[in-house]
Amino acid sequence: MNTQIIKPSLMDPNHDDFLRAGVLIREGKLVAFPTETVYGLGANALDGNACDKIFEAKGRPHDNPLIVHVLNPEEFDNYCETDHPLFPVLAKRFMPGPLTIILPKKNTIPDSVTVGLNTVALRCPSHPVARALIEAAGVPIAAPSANLSGKPSPTTAEHVIADMNGRIDMIIDGGCADVGLESTVISLKDDGIHLLRPGFVTYEDLLTVTDQVIISPAVLEMLKSTDRPESPGMKYRHYAPEASVTMVSGREEKVIDFFREKLSKGCGILCFDEDLELLSANHPNVLSFGSKYDLASQANRLFDALRSFDRIDVKEIYARQTSTHALGLAISNRLLRACAFKQIEV
Ligand code: TXA
Ligand code: MG
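Attention in this report is confined to the structure presented alongside it. (Residues numbered from 1 in each chain as written. Chains lettered and ligands numbered in written order. Predicted model: local features only at pLDDT ≥ 70, side-chain atom pairs only at ≥ 80, totals over all residues. Heavy atoms only, no water.)

With that out of the way, let us pick up the overall build of the chain. A tally of helices and strands in the chain yields eleven helices and 16 strands. Relative to the 2.2 N^0.38 estimate, which gives 20 Å for 346 residues, the radius of gyration of the chain is 20 Å and therefore close to what a compact globule would have. Across the 346 residues that make up the chain, the buried fraction comes to 58%. The contacts in the chain between residues at least 6 apart in sequence include a share of 67% that link residues at least 24 apart. Accessible surface, the chain: about 14,500 Å² in total, of which carbon and sulfur atoms supply 50%. Of the charged side chains in the chain, 35 are positive and 45 negative; the average position of the first set lies 4 Å away from that of the second. (Helix = DSSP H or I, 4+ residues; strand = E, 2+ residues; numbered from the N terminus. Rg over C-alpha atoms; globule rule 2.2 N^0.38 Å. Buried < 20%, exposed > 50% of the residue type's maximum accessible area, 1.4 Å probe, protein only. Contact = heavy atoms within 4.5 Å. Areas by Shrake-Rupley, 256 points an atom, 1.4 Å probe, with all protein chains shown as cover. Lys, Arg positive; Asp, Glu negative; His and termini not counted. Charge placed at Lys NZ, Arg CZ, Asp CG, Glu CD.)

The subject of this paragraph is helix α11 (residues 327–338). Compared with an ideal rise of 1.5 Å per residue, which puts twelve residues at 16 Å, α11 spans 17 Å between its outermost C-alpha atoms and is within 8% of the ideal. Counting buried positions over the twelve residues of α11 gives twelve, a clear majority of the element. Turning to α11, its buried residues number three or more, namely Leu-327, Gly-328, Leu-329, Ala-330, Ile-331, Ser-332, Asn-333, Arg-334, Leu-335, Leu-336, Arg-337 and Ala-338. (Expected span 1.5 Å × (residues − 1).)

Before going further, it helps to examine the layout of surface pockets. As a volume, the second largest pocket reaches approximately 190 Å³. As for the second largest pocket, its lining consists of 13 residues, of which Met-222, Leu-223, Met-234, Lys-235 and Tyr-236 are closest to the centre. (1 Å grid on protein atoms, 1.4 Å probe; cavity = no way out; pocket = protein on both sides within 12 Å on 5 of 7 lines; lining within 4 Å. Points joined across faces, edges and corners; volume = space filled by probe spheres on them.)

The next subject is the site of ligand 1. The local shell around ligand 1 holds 25 residues, among which Thr-37, Asn-64, His-69, Ser-183 and Gly-233 are the closest. Side-chain polar atom of Thr-37 to an oxygen atom of ligand 1: 2.6 Å apart, as the coordinates give it. Here Thr-119 contributes a side-chain N or O atom positioned 3.0 Å from a nitrogen atom of ligand 1. Look at ligand 1: alone it shows 680 Å² of surface, and the protein chains cover 95% of it. Mapped onto the shell around ligand 1, the elements with two or more residues apiece are β4 (67–69) and β6 (119–123). The element contributing the most residues to the shell around ligand 1 is β6, with four residues. Looking at the shell around ligand 1 residue by residue, the class counts come to eleven nonpolar, nine polar and five charged. (Near = heavy atom within 4 Å. Polar contact = N/O pair within 3.5 Å; in protein donor to acceptor, adjacent residues only side chain to side chain. Nonpolar A, V, L, I, M, F, W, Y, C, P; charged D, E, K, R; others polar.)

Attention now moves to the packing of aromatic side chains. In this structure the tally under the stated criterion is three aromatic pairs. Taken together, a centroid distance of 5.3 Å and an interplanar angle of 40° make the contact between Phe-76 and Phe-87 tilted. Within this pair, whereas Phe-76 is found in the loop between β4 and α3 (87–94), its partner Phe-87 is found in helix α3, the two being separated by eleven residues in sequence. Taking the relative accessible area as the measure of exposure, Phe-76 reaches 0% and is therefore buried. You can call Phe-87 buried: its relative accessible area is 7%. Between Phe-258 and Tyr-318, the aromatic rings sit 5.3 Å apart at their centres with planes inclined by 80°, giving edge-to-face as the arrangement. (Phe/Tyr/Trp six-rings, centres within 6.5 Å; stacked < 30°, edge-to-face > 60°.)

Assignment of secondary structure puts Glu-36 in the loop between β2 (31–33) and β3 (40–44). Of the residues examined, Glu-36 reaches a relative accessible area of 4% and is grouped as buried. Among the polar contacts made by the side chain of Glu-36, one reaches the side chain of Arg-123 at a distance of 2.8 Å. Within the structure, the side chain of Glu-36 is placed 3.3 Å from the backbone nitrogen of His-127, a separation counted as a polar contact. Setting aside anything within four residues of it in sequence, one finds Glu-36 in contact with Gly-97, Pro-98, Arg-123, Cys-124, Pro-125, Ser-126, His-127, Ala-177, Asp-178, Val-179 and Gly-180.

Paired through backbone hydrogen bonds, the strands of a sheet run either parallel or antiparallel to each other. Read across the open sheet, the eleven strands follow the order β1-β8-β2-β3-β7-β4-β6-β5-β9-β10-β11; overall the sheet is mixed. At either margin of the open sheet sits one strand with a lone partner, and together these are β1 (4–6) and β11 (213–215). As judged from the three bridges shared by β1 and strand β8 (residues 170–172), these two strands associate in the parallel manner. Looking at β8, one finds that Ile-5 is bridged to Ile-171. (Pairing = 2+ DSSP bridges.)

It is worth spelling out the sheet that holds strand β14 (residues 286–288) at this point. Strand order across the open sheet formed by five strands is β14-β13-β15-β12-β16, with parallel pairing between neighbours. This sheet does not close on itself; its edge strands, each paired only once, are β14 and β16 (343–345). Sheet twist, expressed as the average angle between the axes of neighbouring strands with direction ignored, equals 25°. Bridging between strand β12 (residues 244–249) and strand β15 (residues 316–320) involves five bridges; their strand directions are parallel. The partner of Val-245 across the bridge, within β15, is Ile-317. Of the strands in this sheet, β12, β13 (268–271), β14, β15 and β16 are in contact with helix α8 (residues 252–264), which crosses β15 at around 165°. Each of β13 and β14 is contacted by helix α10 (residues 295–308), which is oriented at about 165° to β14, the strand it contacts most. (Axes fitted to C-alpha atoms, helices over the stretch in contact; angles between N-to-C directions.)

None of the figures reported here should be taken as evidence of function without further support.
Set out below in structure tokens:
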């Protein structure tokens, strides 16, 4: 398949590029597009056959449901039950933006989107290109992250091209994603908010709305094979480069000594900007993912750094542990998955 790659300069939904992209979506084709979190791989959410193509293009397991993207929270009511008392408060505070809410579904949403579950995940992206595409399409857009299944989510059009060129109909290049990690996923239950996947909307942000916020144990711990995941995506190894990754904790000097030793044995090192100097900054096996004092930069650069290791010939990667507070919880969650929860203390 020939993949058209477009780079619209205007965010106008009536711009020719968006009109063409909107027609593709309505015809049941696949279009990758930027959002404020990561790039998504979109199809008409009301067309089950179109959504089936997403699973094929990504090699996505058929039991992992998709997020539906709409322009405004007022539209949720067409697709799910919105009578939970926290819904209007969350919508007002965080939408449009990087928050996905799981609610009981209505039957306007085909089973291909929800893989037969009785709930559906919805969000309103704030990125102007994502919004122009949804508006031009005139239908809700189902979209997982636009990576091959198991790879780190794409934060640039180049990442999407590497994974999806020839597999989908169009890629809209909107530059680098702002946040760099996928949206916060929550479900609303009788006992409050369940945080299933942390993101830019943090646990602490959610606590400003209610004190009833429960962090799913799967956020920082490996699910046991007997546990039933609250979200199917929790089961899978994610964000993983080809080499095996181990997270390293301990006193800073000890971690740096350990990194030096592993580097001398040809391993890869994923560290903070501040560590580069200590580790001989120009070594090709050393990549940093941001300043240790700047969680936003770590979030923004983590997936690109993980992808970059696939271009380097290393079998093992050792990674710095980061904070689990605020945005650090989301970064730690993705890193732990990239590590398949392998951690050592030095
Ligand atoms: O930022 C994002 O959320 C990006 C952009 C494109 O919007 N999308 C994204 O989608 O990360 P995806 O498919 O890679 O992750 C969606 C997660 C999966 O872990 C999936 O299992 C979970 O949301 N999910 C979707 N629908 C669900 C449902 N009804 N119940 C439980 N979990 C659900
Ligand atoms: Mg994904």
